Amino acid sequence: MYMDAAAMCCLGFGFLYVFSKYYVWGGVGLNFFICGFGFLWALPLKAIVHAIFEGEFHKLQINMTELTTNCHITAAVLISFGAFYGFTSPSQLLLVCLLEPFFMLINEHVVVKLLHVADAGGSLIVHMFGAFFGIAINIALNIKPKKLPEEHRTTSYMSDFGAMIGSIVLWVFWPSFNGALLYNDQTLQGRVLLNTYLAICASCAAAFATSSLAHRGRFEMIEIQNATLAGGVIIGMICPFQIDPWVSVLIGGIGGVGSSFGYAIYIFLERLGITDSAAVQMLHGLPGLFWRYFCCVLRYSQITTIIFYSYNNGWLLETDSNRSRGDQFGYIVLACCSSLAIAIAGGLITG
């Protein structure tokens, strides 16, 4: 599972960011740099953040869990990179690689440890956080869409072909990414893979259908490259839950349709003077923000307080037994607000 998560970061995001023919080598090369530095820097940083909250340093045991967590941390930086892609120098990118994982780990501690909100696939603490962190950096740097020449927005046959390879790599490995941290529990990991598989297949089919209907029988490549993956983002928080297969398909299908139509919001952001080079809001930000509540409503209407069965741990509950469903829903909303606040504040400080 670690190799699958690492392949998503190095190959998936790397090739996905070659969509612009003017930044092909920058997309692949700088993505590779972020992966190499991020995988290494995350190790001591986790010990530092742990010491901040616990009051003392402890040695960090390096194992498969820690290595896989490094991939999740690096993925957030790669998502942010897509927002200001083409506008920063390598030295500025190095500063982002140093600071963003710090803010992300603080947010993860608040969401998981303090609010007790589980997010197995990282759709809240990885995808949404990274997307809004990148947008906040653009705002702080005063990067305007008009600063990017129109010819630099154009794609070529080969750049679109490379980006489609990246999308396919991400699509294939996304179920493994969502279940990578559950490698020692085959029952739970199998449920994560199944739910993610159904959701991401549905988003793929829905994205192609929506793009064809919206463009009179033709496919818009930027929509296909991104909206086909929306199901993996949306299902991330509830992928370990015991939900019916049709629920996973419905969530993924709505994600594919919503992400395709979400490119109208991309144009709206540019009119507001907000730059989003790789349209990360359409794939990571908005699905992680708005569809979270939809998923929670479906979850509460579908199952009991027991969310999944694990052979290793028996019947597992969602959170503390003294919380009602309504209470936990409120904590999820609070976790979303916390992630937004830390992401935007951290991005403005970094920028």
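Everything quoted here is computed from the prediction, not taken from an experiment.

### Notes on the overall build of the chain
Across its full length, the chain holds 13 helices and 2 strands. Scored against the burial criterion, the 351 residues of the chain give a buried share of 54%. Contacts spanning at least 24 positions in sequence make up 79% of the contacts within the chain whose residues lie at least 6 apart. For the chain, the exposed area adds up to about 15,000 Å²; of that, 67% sits on carbon and sulfur atoms.

### Details of the packing of aromatic side chains
Per the stated rule, a full pass over the model turns up 11 aromatic pairs. Summarising the aromatic geometry, the rings of Phe 102 and Phe 103 are spaced 5.7 Å apart at their centres and angled 70 degrees between planes, so their arrangement reads as edge-to-face. On the accessibility criterion, Phe 102 (25% relative accessible area) is partly exposed. Among the aromatic residues, ring-to-ring pairing joins Phe 13, Tyr 17, Phe 19, Phe 81, Phe 84 and Tyr 85 into one connected group.

### Quick notes on the packing of helix 7 (residues 186-214) against helix 10 (residues 245-261)
Closest axis-to-axis distance for the helix 7/helix 10 pair is 7 Å, and the angle between their directions is 40 degrees. Between helix 7 and helix 10 the crossing geometry is right-handed. Across the interface between the two elements, Asn 195, Leu 198, Ala 199, Ala 202, Ser 203, Ala 206, Ala 207 and Thr 210 from helix 7 touch Pro 245, Ser 248, Val 249, Gly 252, Gly 253, Gly 256, Val 257, Ser 260 and Phe 261 from helix 10. Class assignment for the residues of the contact of helix 7 with helix 10 results in 9 nonpolar, 8 polar and no charged.

### Topic: helix 7
Its 29 residues place the ends of helix 7 41 Å apart at the C-alpha level, agreeing with the 42 Å of an ideal helix rising 1.5 Å per residue. Just downstream of helix 7, Arg 216 is the residue with a positive phi angle, here 55 degrees.

### What about the pattern of salt bridges?
The full count for this structure, using the stated rule, is 1 salt bridge. For Lys 46, the salt bridge goes to Glu 66, with nearest N and O atoms at 2.6 Å. Here Lys 46, found in helix 2 (residues 24-54), pairs with Glu 66, found in helix 3 (residues 64-83); they are 20 residues apart in sequence, far enough to count as distant.

### Observations regarding helix 2
Along an α-helix, a turn takes 3.6 residues, which lines up residues three or four apart on a common side. If you check helix 2, its first and last C-alpha atoms are 44 Å apart, about what 31 residues at 1.5 Å a residue would give, namely 45 Å. Of all bends in helix 2, the biggest is about 35 degrees, found at Ala 42, and the proline Pro 44 comes one to four residues later. Within two residues after helix 2, Gly 55 carries a phi angle of roughly 90 degrees, on the positive side.

### A closer look at the side chain of Thr 68
Looking at where Thr 68 falls in the secondary structure, it is placed in helix 3. Given a relative accessible area of 1%, Thr 68 falls into the buried group. Once you skip the residues sitting within four places of it in the chain, Thr 68 turns out to touch Tyr 2, Ala 180 and Leu 181.

### Quick notes on the state of the cysteines
All told, the structure shown has 0 disulfides when counted by the stated rule. Of all cysteine sulfurs in the structure, the one in Cys 337 sits closest to Cys 336, which takes part in no disulfide; the separation is 6.8 Å.

### Overview of the environment of Tyr 85
Mapped onto the elements of the fold, Tyr 85 is located in the loop between helix 3 and helix 4 (90-114). Residue classification places Tyr 85 among the buried positions, given a relative accessible area of 4%. For the pair formed by Tyr 85 and Gly 26, sequence separation is 59 residues and the distance between their alpha carbons is 8.6 Å. Residues in contact with Tyr 85, not counting those within four places in the same chain, are Tyr 17, Val 18, Phe 19, Tyr 23, Val 24, Gly 26, Gly 27 and Ser 277. At 2.4 Å, the side chain of Tyr 85 and the backbone oxygen of Tyr 17 are in polar contact.

Reading the values: the criteria
- Residues numbered from 1 in each chain as written.
- Predicted model: local features only at pLDDT ≥ 70, side-chain atom pairs only at ≥ 80, totals over all residues.
- Heavy atoms only, no water.
- Helix = DSSP H or I, 4+ residues; strand = E, 2+ residues; numbered from the N terminus.
- Buried < 20%, exposed > 50% of the residue type's maximum accessible area, 1.4 Å probe, protein only.
- Contact = heavy atoms within 4.5 Å.
- Areas by Shrake-Rupley, 256 points an atom, 1.4 Å probe, with all protein chains shown as cover.
- Phe/Tyr/Trp six-rings, centres within 6.5 Å; stacked < 30°, edge-to-face > 60°.
- Axes fitted to C-alpha atoms, helices over the stretch in contact; angles between N-to-C directions.
- Left-handed = near helix turned anticlockwise from the far one by under 90°.
- Nonpolar A, V, L, I, M, F, W, Y, C, P; charged D, E, K, R; others polar.
- Expected span 1.5 Å × (residues − 1).
- Salt bridge = Lys/Arg side-chain N within 4 Å of Asp/Glu carboxyl O.
- Bend = angle between axes of the 7 residues up to and from the residue.
- Disulfide = S-S within 2.5 Å.
- Polar contact = N/O pair within 3.5 Å; in protein donor to acceptor, adjacent residues only side chain to side chain.

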